[in-house]
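As a plain string of letters, each chain reads:
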Amino acid sequence: MQTGFCYERLQALGWCWVIAPLVKRFQIPNPAEFYQKNLQPFNANPYISTYAVGAVARLEEEKKEPEEIQRVKNSLRGPLGSLGDNLIWKNVRPALLVLGIIASGWISFWGPILFLVSFNAFQLYLRGRGLRKGFQLGEQIFVEFSGSFWRKVTYFFGALGALLLGFWLIQKGAEYVSWNSEIAFIFLAALILGLVGFYKRISAFDTFLLCLGSGVVIKFLLTFI
Amino acid sequence: MESMEKELILVLILGGLASLDSTEAFQSMWSQPLVSGPLIGWLWGDLKAGLLIGVLLQLLWLGYLPLGVAVFPDAGVGGIVGATAFLHLQDQVIFDFYKVTLLILLFSLIVSYFSGWLILKNRFWNVKLVHKVEKHLAQGRHKLNYYFCLALLVSFSRGALTALLGYLAVLFITELLAARLAVIPDSFFDFLLPSVYGFGLASLFFFFGKLKNSPFLLGGAVLGLVVVLV
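Residues numbered from 1 in each chain as written. Chains lettered and ligands numbered in written order. Predicted model: local features only at pLDDT ≥ 70, side-chain atom pairs only at ≥ 80, totals over all residues.

K.L.:
Help me understand the overall build of chain A in this model?
P.N.:
Counting its secondary structure elements, chain A contains 10 helices and zero strands. Ordered by position in the sequence, the α and β elements of chain A form the string α-α-α-α-α-α-α-α-α-α. Scaling as 2.2 N^0.38, a compact globule of 225 residues should have a C-alpha radius of gyration of about 17 Å, whereas chain A reaches 24 Å, well beyond that. Principal-axis analysis of the C-alpha atoms places the extent of chain A at approximately 80 × 35 × 30 Å. Counting all 225 residues of chain A, 45% fall into the buried class. (Helix = DSSP H or I, 4+ residues; strand = E, 2+ residues; numbered from the N terminus. Rg over C-alpha atoms; globule rule 2.2 N^0.38 Å. Buried ≥ 20, exposed ≤ 12 C-beta atoms within 10 Å, placed from the backbone.)

Here it is, written out as structure tokens:
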């Protein structure tokens, strides 16, 4: 869906490629006209863009007017963007990455495999569900977004992420305390400065330099003074 | 890995594929350093080292959100560059772990921002592709597959070349600076791991440090404490 992304038409090129099978399925008489209609700006989180694909497929099957199909497509941009980004980028991805990182400390390379398998199992389920629900509901697809599924799934991954974060924090803190107090102090300083950086919306690069810089300063002070 | 040629081919191919996975196609997350690091390590014959550098690189990009028009770091290409550079330099006779890893992390991060900037430029260039498709459609022809594949090829090439140039640059600069820093003992740089982990953990609070998550955060901390004490 993201292929050929540009700031003028957004995902339009990818969208056209994704819905290309509809030309054959619904025996659309003029494919060039069909693609031209669908080359309008469209944007959605790629993992849940299939909701729009399913809904449009249903509307094409019902031979709805092109203006109505375009209206539904445009109306889907907001929910599919915000829901998807909130779910995938802010909850699923970081939670499963932390799971993979923690697991790698115990089960070596199976940790990254765990992350890869769990993420892709979920994202494929989401895409399949989107296609199914989109086709089932058609222009009523908006009902789906006020359902409890999104709330529950986001809550689940948020809770998982928080649980793993708390666990990892103590694990790492205890590890560094067992090394020596200097290393533990550096870890604490980096953590606090990192928190300040992220909450003050300082760029990630600058925050990283801040954390490293604090390590250099503490090391210097403790070594030479 | 025995020869530089094989390393360069590896970087080219994986850099291109990682670029596709990050943005244009698949989005299966194999390009995340947590996965690509061990993958490169396995191909290199040192899975453990690949996993180590993969985890460290992943900590740099745990908190990024690829939204909007802002330049976001390209973790895919940055991870490939960092992991390969680390494994290459690890084979050197004298390998100061902390010093070299610090330099690799820093410069891989810079390469990732550069790659992210190129992604934005690529997106501006893609407008031409869409206009060409539109022009053909107006003439009653559609060359959708051709331009779609062209967009994929451009993205692959962008990632491959960025990874290759980034890899060579990171190797050159790291070797140069590591030599300059030879007077400072490697043990001075042992602040690296706690600093990187502190940064990575702090970035996660951005997502999970909300009030509604606090019971789970505390629960996880208690669980961690139990595991540590037991």
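K.L.:
Please clarify how the overall build of chain B should be interpreted in this entry.
P.N.:
Scanning chain B for helices and strands turns up eight helices and zero strands. Along its sequence from the N terminus, chain B presents helices and strands in the succession α-α-α-α-α-α-α-α. If one aligns the C-alpha atoms of chain B with their principal axes, the spans along those axes are about 70 × 50 × 30 Å. Burial statistics for chain B: of 230 residues in total, 53% are counted as buried. For chain B, the share of sequence-separated contacts (at least 6 apart) that also reach a separation of at least 24 residues comes to 76%. (Contact = placed C-beta atoms within 7 Å.)

K.L.:
Teacher, can you tell me more about the packing of helix α9 (residues 181-199) of chain A against helix α10 (residues 204-224) of chain A here?
P.N.:
In a pair of packed helices, the angle between the axes and the distance between the axes together describe the arrangement. All names here are of chain A. The N-to-C vectors of α9 and α10 enclose an angle of 150 degrees; their axes lie 9 Å apart at closest approach. One finds that α9 runs roughly antiparallel with respect to α10. In this structure, α9 meets α10 at a crossing whose hand is right-handed. Along its contact with α9, which presents E182, F185, I186, A189, A190, L193, G194, G197 and F198, the element α10 presents D206, T207, L210, C211, S214, G215, I218 and L222. Broken down by class, the residue content of the contact of α9 with α10 amounts to 10 nonpolar, five polar and two charged. (Axes fitted to C-alpha atoms, helices over the stretch in contact; angles between N-to-C directions. Parallel < 35°, antiparallel > 145°, perpendicular 65-115°, else oblique. Left-handed = near helix turned anticlockwise from the far one by under 90°. Nonpolar A, V, L, I, M, F, W, Y, C, P; charged D, E, K, R; others polar.)

K.L.:
Just to check I follow, could you spell out unusual backbone geometry for this structure?
P.N.:
Glycine aside, negative phi is the norm for most residues, and most peptide bonds take the trans geometry. Residues and elements named next belong to chain A. A positive phi is found at L10, a non-glycine position, where the angle reads about 60 degrees. With respect to the helices and strands, the residue L10 is situated in the segment before α1 (12-18). We note that Q27 has phi near 45 degrees; this positive angle belongs to a residue other than glycine. With 7 C-beta atoms counted inside 10 Å, the residue Q27 sits in the exposed group.

K.L.:
Is there a simple way to explain the packing of helix α2 (residues 33-44) of chain B against helix α4 (residues 75-90) of chain B in this structure?
P.N.:
Residue and element names in this part refer to chain B. Relative to each other, α2 and α4 sit at 35 degrees, their axes nearing to 9 Å. Considering how the two elements wind past one another, α2 and α4 form a crossing that is right-handed. Here P33, S36, G37, I40, G41 and W44 of α2 lie close against α4, whose contacting residues are A75, G79, I80, G82, A83, T84 and L87. A per-class count over the contact of α2 with α4 returns seven nonpolar, six polar and no charged.

K.L.:
How should the interface of chain A and chain B be read in this particular structure?
P.N.:
When the parts of a complex come together, some accessible area is lost, and that lost area is often used as the size of the interface. Facing 71 residues of chain A, the contacting portion of chain B comprises 70 residues. Mapped onto the side of chain A that touches chain B, the elements with two or more residues apiece are α1, α3 (31-38), α5 (66-107), α6 (110-137), α8 (148-179), α9 and α10 of chain A. With 16 residues, α8 of chain A is the single largest residue contributor to the side of chain A that touches chain B. Grouping the constituent residues of the side of chain A that touches chain B by class yields 48 nonpolar, 17 polar and six charged.

K.L.:
Sorry, what's going on with the environment of F172 of chain B here?
P.N.:
Here F172 of chain B is to be found in helix α6 (residues 144-180). Given 12 C-beta atoms within a 10 Å radius, F172 of chain B is considered exposed.

K.L.:
What am I meant to see in the environment of E175 of chain A here?
P.N.:
Residue position: E175 of chain A is located in helix α8. For the pair E175 of chain A and G78 of chain A, spaced 97 residues apart in the sequence, the C-alpha separation amounts to 44 Å.

K.L.:
What's the story with the nonpolar core in this structure? I'm lost.
P.N.:
When a protein is soluble and globular, its nonpolar side chains tend to lie buried together. Core analysis: the biggest nonpolar cluster contains 134 residues, and L13, V98, L164 and L165 of chain A together with L105 and L204 of chain B have the highest contact counts within it. Here this core takes 13 residues from helix α5 (residues 97-138) of chain B, the largest share from any one element. Here this core spans two domains, and each of domain 1 (12-169) and domain 2 (180-225) of chain A adds at least three residues to it. For L13 of chain A, the residues in contact, after removing those within four places along its chain, are T3 and G4 of chain A together with L129, V130, V133, Y147, F148 and A151 of chain B. (Core = buried A, V, L, I, M, F, W, Y, C linked by C-beta atoms within 7 Å. Domains from an automatic or database assignment.)

K.L.:
Quick question: what am I supposed to make of the environment of A189 of chain A here?
P.N.:
All names here are of chain A. Looking at the element boundaries, A189 is found in helix α9. According to the C-beta neighbour criterion, A189 is buried, with 21 such atoms within 10 Å. In the structure, A189 is positioned 22 residues away from C211 in sequence and 7.4 Å away in space, judged by C-alpha atoms. With residues near it in sequence (within four places) discarded, A189 still touches S214 and I218.

K.L.:
Can you help me understand the confidence of the model for chain B in this one?
P.N.:
Caution is warranted with low-pLDDT regions, since their predicted coordinates should not be read in detail. In the predicted model, chain B carries a mean pLDDT of 91, and 97% of its residues have values of at least 70. What the predictor reports for the complex is a pTM of 0.93 with an ipTM of 0.92. (pLDDT = per-residue confidence, 0-100.)

K.L.:
Honestly, α10 of chain A in this entry has me stumped. Any pointers?
P.N.:
Since the α-helix packs 3.6 residues into each turn, any two residues three or four apart lie on the same face. Helix length check: α10 of chain A, at 21 residues, gives a terminal C-alpha distance of 30 Å against a target of 30 Å (1.5 Å per residue), a fit within 8%. Looking at the buried side of α10 of chain A, the elements it contacts are α9 of chain A together with α3 (47-60), α5 and α7 (192-208) of chain B. (Expected span 1.5 Å × (residues − 1).)

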